[in-house]
Amino acid sequence: MMKNITKQSKENNRDFALRVIRENIINLELKPGSMISEQDIANELNLSRTPVHEAMQELSATKIIEILPQRGSLVSLIDMDLVD
């Protein structure tokens, strides 16, 4: 269950999903090593899967999450080299 965050007025759905997922990972609401589902997040945020998928792709590019094909996505463990 993610911390409930309200959508800002000029924020599109992808940016909203990106901000909510990122903030929940940073605040450890979504714990490192836990599996997350695009569909579950889309349902929780009342969005379609497309903006959530796009947000997950962006988070994957920055190594915040790891996308596992046909299984879901994994919140990456904290890599101290990336933190530095």
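Residues numbered from 1 in each chain as written. Predicted model: local features only at pLDDT ≥ 70, side-chain atom pairs only at ≥ 80, totals over all residues. Heavy atoms only, no water.

Engineer: What exactly am I supposed to notice about the side chain of E38 here?
Structural biologist: With respect to the element layout, E38 can be found in helix 2 (residues 38–45). At 3.2 Å, the side chain of E38 and the side chain of R49 are in polar contact. A polar contact is formed between the side chain of E38 and the side chain of H53, at a distance of 2.9 Å. Other than its neighbours up to four places away in sequence, E38 contacts R49, V52, H53 and M56. (Helix = DSSP H or I, 4+ residues; strand = E, 2+ residues; numbered from the N terminus. Polar contact = N/O pair within 3.5 Å; in protein donor to acceptor, adjacent residues only side chain to side chain. Contact = heavy atoms within 4.5 Å.)

Engineer: Explain the sheet that holds strand 3 (residues 72–75) here, please?
Structural biologist: Hydrogen bonding along the main chain pairs the strands of a sheet, whether they run parallel or antiparallel. With antiparallel pairing, the three strands of this open sheet are ordered in space as 1-3-2. The sheet is open, and its two borders are formed by strand 1 (35–36) and strand 2 (65–68), each paired with just one other strand. The sheet contacts of helix 3 (residues 49–61) involve strand 1, strand 2 and strand 3, and relative to strand 2 the element is tilted by about 115°. (Pairing = 2+ DSSP bridges. Axes fitted to C-alpha atoms, helices over the stretch in contact; angles between N-to-C directions.)

Engineer: Quick question: what am I supposed to make of the pattern of salt bridges here?
Structural biologist: Side chains that differ in charge, positive against negative, can pair when their charged atoms come close. Going through the model one piece at a time under the given rule, you end up with five salt bridges. Ionic pairing is found between E11 and R19, a salt bridge with its closest N-O pair at 2.7 Å. Both residues of the pair, E11 and R19, count as buried. Of the residues examined, R19 reaches a relative accessible area of 16% and is grouped as buried. Linked through salt bridges whose partners overlap, the residues forming this network are E11, R19 and E23. (Salt bridge = Lys/Arg side-chain N within 4 Å of Asp/Glu carboxyl O. Buried < 20%, exposed > 50% of the residue type's maximum accessible area, 1.4 Å probe, protein only.)

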